[in-house]
Each structure stands twice: as structure tokens, then as C-alpha cells.
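One letter stands for each residue in the lines below.
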Amino acid sequence: MSNTESSTYQGFTAEERAAMKDHAQEQKKAARRSSRAEKAAEAERDVLTKIAEMRDSDRVMAERVHAVITATAPVLAPKLWYGMPAYALNDKIVCFFQSAEKFKARYATLGFSDQAKLDEGTMWAAGFALTEVTAETESRIGALVKRAVS
């Protein structure tokens with residue numbers, strides 16, 4: 001690719017590079033674990049540790065999202081994904097929580113991968129901005145997660 005003045009590619013941001021490094025460390029750590037039960041327990045501890053490290057507003061939302069997801073869909077396994085709390089079915093990420101702080105965003109995000117069964121016609125939401133997790137929000141998250149794994 002030629003380097004011209006009209007080129008706008010600036011490379012990865014520091015936050016994106018940090019997320020890629022987190023993902024590489026997650027893969028190495030998972031490969032070192034022995035039993036399936038040990039891997040699952042350690043993965044959940046990693047998620048809870050990551051949530052505990054978040055700043056107050058993100059941490060409170062992440063704790064509530066984690067509680068809703070694990071209660072609504074116990075079939076989903078908590079694990080870290082690019083340094084974010086995520087929930088997988090058969091080792092494939094279905095949904096994840098991205099703190100606002102992670103990419104210096106205005107709001108936290110609850111995202112769903114293409115593994116989530118949220119299909120609705122020819123267009124549907126795959127990410128939701130979160131500024132607060134209320135009882136109503138918890139109900140909506142529970143319904144989405146239940147639908148995503150059905």
C-alpha cells in the first residue's frame with residue numbers, strides 16, 4: 001500500500017493494542033489450566049477480578065450485568081475476552097460487557113456476537129449502551145440473554 005497524504009489509517013490505538021495483549025495473555029493462561037472444572041472456575045475468578053478492577057460506575061454496572069447473565073443463562077460460561085468480561089457457549093462468545101473506561105467511551109456497552117440468536121428480520125441490534133443498570137434494564141438484559149441462547 002502506498003503512503004499518500006490522503007491515507008487516513010493511523011494504526012491501532014493504545015487501548016486496542018492493550019486489548020490485543022490482554023487477549024494473548026488470556027489464551028496463554030487458559031492453555032496452562034488442566035481440568036475443565038479448573039478452567040471454568042479460574043475463568044470466572046478472572047472475570048470477577050476484572051470487574052472488581054473497574055472504576056465505580058462501570059464496576060457497579062458490570063456486577064449487575066454479570067449477576068443477571070449468570071442467573072438467566074447458567075449455560076453461559078464467564079471468561080475474559082480481550083480483557084472484558086464475556087460469556088461463552090461451547091467456547092464461543094455470545095455476549096460481553098465493555099466498560100466505558102476500556103476504550104475511553106462515553107458509556108459502557110453490552111454487546112452480542114454473531115453467536116447470539118437475536119436475529120430479527122434483516123437488521124437487529126448487537127450492542128446496547130449502558131449508563132445505568134436499573135431493575136427495568138436488568139429485565140431487558142435477562143430477556144435478551146435468554147433469547148440469545150435459545
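This text goes with the structure placed above it.
Residues numbered from 1 in each chain as written. Predicted model: local features only at pLDDT ≥ 70, side-chain atom pairs only at ≥ 80, totals over all residues. Heavy atoms only, no water.

(A) View of the packing of aromatic side chains. Going through the model one piece at a time under the given rule, you end up with 3 aromatic pairs. Seen in terms of ring centroids, Trp81 and Tyr82 are 5.3 Å apart; in terms of plane orientation they differ by 80°. Their pairing is edge-to-face. For Tyr82, a relative accessible area of 29% puts it in the partly exposed group. Taking the centre distance of 5.0 Å and the plane angle of 50° together, the rings of Trp81 and Phe96 count as tilted. Residue Trp81 is located in strand 1 (residues 77-81), and its partner Phe96 is located in strand 3 (residues 92-98); the two are separated by 15 residues in the primary sequence. Here Trp81 falls in the partly exposed class, since its relative accessible area comes to 25%. What makes Phe96 buried here is its relative accessible area of 14%. Taken together through their ring pairs, the aromatic side chains of Trp81, Tyr82 and Phe96 make up a single cluster. (Phe/Tyr/Trp six-rings, centres within 6.5 Å; stacked < 30°, edge-to-face > 60°. Buried < 20%, exposed > 50% of the residue type's maximum accessible area, 1.4 Å probe, protein only. Helix = DSSP H or I, 4+ residues; strand = E, 2+ residues; numbered from the N terminus.)

(B) Molecular detail of a nonpolar patch on the surface. Where nonpolar side chains cluster on the molecular surface, the patch consists of Tyr9, Phe12 and Met20 and spans about 340 Å² of accessible area. Tracing the sequence through the fold places Tyr9 in the segment before helix 1 (14-32). (Patch = residues over 30% accessible without salt bridge, like charges linked within 9 Å, V, L, I, M, F, W, Y side chains within 5 Å. Areas by Shrake-Rupley, 256 points an atom, 1.4 Å probe, with all protein chains shown as cover. Salt bridge = Lys/Arg side-chain N within 4 Å of Asp/Glu carboxyl O.)

(C) Highlighting the sheet that holds strand 5 (residues 127-130). One open sheet holds the 5 strands; their spatial order is 1-2-3-4-5, and the pairing between them is antiparallel. Looking at strand neighbours, the two that pair on one side only are strand 1 and strand 5, the edges of this open sheet. Taking each pair of neighbouring strands and ignoring which way they run, the sheet shows an average axis angle of 25°. In this structure, strand 2 (residues 84-89) lies alongside strand 3, joined through 4 bridges in antiparallel fashion. Within the sheet, the bridge partner assigned to Ala86 lies in strand 3 and is Phe96. Of the strands in this sheet, strand 1 and strand 2 are in contact with helix 2 (residues 36-53), which crosses strand 1 at around 60°. In the packing of helix 4 (residues 135-149) onto the sheet, the strands contacted are strand 3, strand 4 (108-112) and strand 5, and the crossing angle to strand 4 comes to about 25°. (Pairing = 2+ DSSP bridges. Axes fitted to C-alpha atoms, helices over the stretch in contact; angles between N-to-C directions. Contact = heavy atoms within 4.5 Å.)

(D) Examining unusual backbone geometry more closely. Of note in this structure, Asn90 is not a glycine but carries a positive phi near 55°. With a phi angle near 55°, Lys104 is a residue other than glycine that sits in the positive phi range. Since its relative accessible area comes to 68%, Lys104 is described here as exposed.

(E) Molecular detail of the pairing of strand 1. Burial of strand 1 is one-sided: the residues Pro78 and Leu80 facing one way are buried, the residues Ala77, Lys79 and Trp81 facing the other way are not. Here 5 bridges tie strand 1 to strand 2, and the two strands are oriented antiparallel to one another. Bridge pairing links Ala77 to Ala88 in strand 2. Counting the residues in the hairpin turn of strand 1 and strand 2 gives 2 residues, including Tyr82, whose phi is positive at 50°.

(F) Representation of the nonpolar core. Val65, Ile69, Leu76, Phe97 and Phe112 are the most contacted members of the largest nonpolar core, which totals 26 residues. For this core, the secondary-structure elements that each account for two or more residues are helix 2, helix 3 (56-72), strand 3, strand 4 and helix 4. If one sorts the elements of this core by residue count, helix 3 sits on top with 5 residues. Apart from the residues within four sequence positions on either side, Ile69 is in contact with Pro74, Leu76, Tyr87, Cys95, Leu110, Ile141 and Val145. Core analysis: the second largest hydrophobic core is formed by 5 residues, Met84, Ala86, Ala88 and Phe96 among them. (Core = buried A, V, L, I, M, F, W, Y, C linked by side-chain atoms within 4.5 Å.)

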